[in-house]
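For reference, the chains in residue letters:
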Amino acid sequence: MKKIVIGNDHTALEMKRELIEYLEAKGYEIVNVGTDEPTSFNYPIAGYKAAKMVAAGEVDGGIIICGTGLGISLAANKVHGIRCCVCSEPYTAKMSREHNNSNMLAFGARVIGVELAKLIVDTWLESEFQGGRHQNRVDMIMEIESTQDLQAAH
Ligand code: RB5
């Protein structure tokens, strides 16, 4: 992943700023669709905007941050094609790529500190989907999304 969209609500201003600086210094191209104002901001807006960019292939992946990571990930996961996982530690972030082929990462600015967030982001960006038996399972998830059913022989 080289081009990443970042979205956030008002709870994650400082964390978002630090992560953008951190990732740009590493050579990533960052698109910021989150709020830059400290006033209350409705997280579904940023989750939706970031998810649309990922689903359209305009970026390679997305990182979204609200207080818990929950609301913003729920919004993002409503966009077809999005697999957004809330990860509060690196192991889950790694597995979300290797097993679940996550294309968006979420976490909570009120849950973890910025240094842990950097570790989680690094791990997520450096991990690859393993395919194989995991592909069938991810296909099943996407079948549920597209058909609201699960007909495939499993
Ligand atoms: C904002 O107070 C908070 O609800 C939001 O940042 C997020 O945690 C929602 O899931």
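Residues numbered from 1 in each chain as written. Predicted model: local features only at pLDDT ≥ 70, side-chain atom pairs only at ≥ 80, totals over all residues. Heavy atoms only, no water.

J.: Would you mind showing me how to read the environment of I120 here?
T.: Mapped onto the elements, I120 comes out in helix 5 (residues 114–126). Residue I120 is classed as buried on the basis of its relative accessible area of 0%. Distance in space between the C-alpha atoms of I120 and F107 is 9.1 Å, their sequence separation being 13 residues. In this view, I120 contacts C87, S88, E89, P90, A93, L105, F107 and I112; residues no more than four positions away in its chain are not counted. (Helix = DSSP H or I, 4+ residues; strand = E, 2+ residues; numbered from the N terminus. Buried < 20%, exposed > 50% of the residue type's maximum accessible area, 1.4 Å probe, protein only. Contact = heavy atoms within 4.5 Å.)

J.: Would you explain the pairing of strand 3 (residues 61–66) in this entry?
T.: Put simply, side chains in a regular strand alternate between the two faces of the sheet. Strand 3 sits mainly inside the fold: six of its six residues count as buried. Where burial is concerned, the two faces of strand 3 agree: the one with G61, I63 and I65 and the one with G62, I64 and C66 are both buried. Here strand 1 (residues 3–8) runs beside strand 3; their pairing, made up of five bridges, is parallel. Within the sheet, the bridge partner assigned to I6 lies in strand 3 and is I63. Bridge analysis of strand 3 against strand 5 (residues 104–108) gives five bridges, and the strand direction is parallel. Within the sheet, the bridge partner assigned to C66 lies in strand 5 and is G108. (Pairing = 2+ DSSP bridges.)

J.: Honestly, the site of the ligand in this entry has me stumped. Any pointers?
T.: In the neighbourhood of the ligand, the contacting residues comprise D9, T11, Y43, C66, G67, T68, G71 and R110. In this structure, G67 approaches the ligand through a main-chain N or O atom, which is 2.7 Å from an oxygen atom. Between the ligand and T68, the relevant distance is 3.0 Å, taken from an oxygen atom to a main-chain nitrogen or oxygen of the residue. For the shell around the ligand, the per-class residue count stands at two nonpolar, four polar and two charged. (Near = heavy atom within 4 Å. Polar contact = N/O pair within 3.5 Å; in protein donor to acceptor, adjacent residues only side chain to side chain. Nonpolar A, V, L, I, M, F, W, Y, C, P; charged D, E, K, R; others polar.)

J.: How should the side chain of K118 be read in this particular structure?
T.: Mapped onto the secondary structure, K118 falls in helix 5. Leave out the neighbours within four places in its chain, and K118 touches E18, L19 and Y22.

J.: What am I meant to see in helix 6 (residues 133–147) here?
T.: For an α-helix, the turn length of 3.6 residues means that residues three or four places apart are oriented alike. Taking 1.5 Å per residue as the helical rise, helix 6 with its 15 residues ought to reach 21 Å, and the 22 Å between its terminal C-alpha atoms agrees with that figure. When we look at burial in helix 6, the residues that qualify are H134, V138, M140, M142 and E143. Looking at the buried positions of helix 6, the neighbouring elements they touch are helix 4 (90–98). Where helix 6 ends, the next residue or the one after it, Q148, has phi of about 55°, a positive value. (Expected span 1.5 Å × (residues − 1).)

J.: Looking at this model, I keep getting lost on the packing of aromatic side chains. Mind explaining?
T.: A complete count under the given rule lists zero aromatic pairs for this structure. Note that K2 overlies the ring of Y28, its terminal NZ or CZ placed 5.1 Å from the centroid. (Phe/Tyr/Trp six-rings, centres within 6.5 Å; stacked < 30°, edge-to-face > 60°. Lys NZ or Arg CZ within 6 Å of the ring centre and 35° of its normal.)

J.: Just to check I follow, could you spell out the side chain of R97 for this structure?
T.: On the secondary structure map, R97 appears in helix 4. Buried and unpaired, R97 has E128 as its nearest opposite-charge partner, separated by 4.3 Å. Within the structure, the side chain of R97 is placed 3.2 Å from the backbone oxygen of S127, a separation counted as a polar contact. What R97 contacts, discounting residues up to four positions off in sequence, is M1, S102, W124, S127, E128 and F129. (Lys, Arg positive; Asp, Glu negative; His and termini not counted. Salt bridge = Lys/Arg side-chain N within 4 Å of Asp/Glu carboxyl O.)

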